[in-house]
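An overview of the molecular structure
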There are 2 protein chains.
Amino acid sequence: MKTDLELALECVINIYHQYGKLDLLNFNDFKTLLTEQAPTFLGYRNKTHSIFKETDLNKDKELTFEEFTIVLAKVTDDAHRIIHKDDRCTPDKD
Amino acid sequence: MKTDLELALECVINIYHQYGKLDLLNFNDFKTLLTEQAPTFLGYRNKTHSIFKETDLNKDKELTFEEFTIVLAKVTDDAHRIIHKDDRCTPDKD
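About the thresholds
- Residues numbered from 1 in each chain as written.
- Chains lettered and ligands numbered in written order.
- Predicted model: local features only at pLDDT ≥ 70, side-chain atom pairs only at ≥ 80, totals over all residues.
- Heavy atoms only, no water.
- Helix = DSSP H or I, 4+ residues; strand = E, 2+ residues; numbered from the N terminus.
- Buried < 20%, exposed > 50% of the residue type's maximum accessible area, 1.4 Å probe, protein only.
- Contact = heavy atoms within 4.5 Å.
- Axes fitted to C-alpha atoms, helices over the stretch in contact; angles between N-to-C directions.
- Parallel < 35°, antiparallel > 145°, perpendicular 65-115°, else oblique.
- Left-handed = near helix turned anticlockwise from the far one by under 90°.
- Nonpolar A, V, L, I, M, F, W, Y, C, P; charged D, E, K, R; others polar.
- Buried area = accessible area lost by both parts, 1.4 Å probe.
- Salt bridge = Lys/Arg side-chain N within 4 Å of Asp/Glu carboxyl O.
- Polar contact = N/O pair within 3.5 Å; in protein donor to acceptor, adjacent residues only side chain to side chain.
- Least-squares fit on C-alpha atoms with pLDDT ≥ 70 in both.

Per an unreviewed UniProt entry, the recorded name for chain A is EF-hand domain-containing protein, and the organism is Athene cunicularia.

Considerations on the environment of Ile70 of chain A
Residue and element names in this part refer to chain A. Structurally, Ile70 is set in helix α5 (residues 65–83). What makes Ile70 partly exposed here is its relative accessible area of 28%. When the C-alpha positions of Ile70 and Ile82 are compared, they lie 19 Å apart, and in sequence the two are 12 residues distant. Not counting the four nearest positions on each side in its chain, Ile70 is found in contact with Thr55 and Leu57.

A closer look at the packing of helix α2 (residues 27–37) of chain A against helix α4 (residues 48–55) of chain A
Residue and element names in this part refer to chain A. Following both chains from N to C, one finds α2 and α4 inclined at 120 degrees, their axes separated by 10 Å at the closest point. Classed by the angle they form, the pair α2 and α4 counts as oblique. The hand of the α2/α4 crossing is right-handed. Along the contact surface, α2 presents Phe27, Phe30, Lys31 and Leu34, while α4 presents Thr48, His49, Ile51 and Phe52. Residue composition of the contact of α2 with α4, by class: 5 nonpolar, 2 polar and 1 charged.

A word on the interface of chain B and chain A
Listed as interface residues are 36 residues of chain B and, on the opposing side, 36 residues of chain A. Across the interface of chain B and chain A, roughly 3100 Å² is buried in total on both sides, 70% from carbon and sulfur atoms. Inspection of the region where chain B meets chain A yields 2 salt bridges. Here Arg81 of chain B and Glu66 of chain A are joined by a salt bridge, their closest N and O atoms 3.5 Å apart. Counting across the chain B and chain A interface gives 18 residue pairs in polar contact (both at pLDDT 80 or more). Of all the secondary structure elements, the ones that give two or more residues to the side of chain B that touches chain A are α1 (4–19), α2 (27–37), α3 (39–42) and α5 (65–83) of chain B. The residue makeup of the side of chain B that touches chain A, split by class, is 17 nonpolar, 9 polar and 10 charged.

Things to note about the relation of the copies chain B and chain A
The two copies are related by a screw motion: chain B maps onto chain A through a turn of 180 degrees and a shift of 0.0 Å along the axis, at an RMSD of 0.0 Å. Put plainly, the chains are arranged around a two-fold axis. Minimal C-alpha distance to the rotation axis in chain B is attained by Ala8 of chain B, lying at 2.5 Å.

Put into structure tokens, the structure is as follows:
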């Protein structure tokens, strides 16, 4: 039986698969995913291009799932700060 | 209305809160969380202590949520590889 964490992460993986092609995200896939799935995270950022560039570690203009987890960590941290009503732009104050 | 990704990440945050104290995880909290919530990830690792040490970036023996997202990225990447039946110990082959 899967744990709650495993089920939640499976959900995240399914979302990635829904937007990617051949298990990769190009810039347009990435932008659509963030716009549709993480509007709150994108809300105060107008930097989808620079987020993509800093996430695409090997600079092949496509994100593997492993690279995508870098953004995922940021989106998750952002959601956590919102729950605690922390300022989302400052370093972590936990 | 929350998106599917936001709901999944909220679920992850709730799990973190369930195991932490004052929004921090000490080593025992961390070990319990991974043992109960990520048994598949831990399955082939016997290194909870070294994972904790490399995640505790500021070496204060507690993990903030921001630090915890580092492990979360690894657990998520691992779950993704299992779905594709990739070898979980080799570099990403996506």
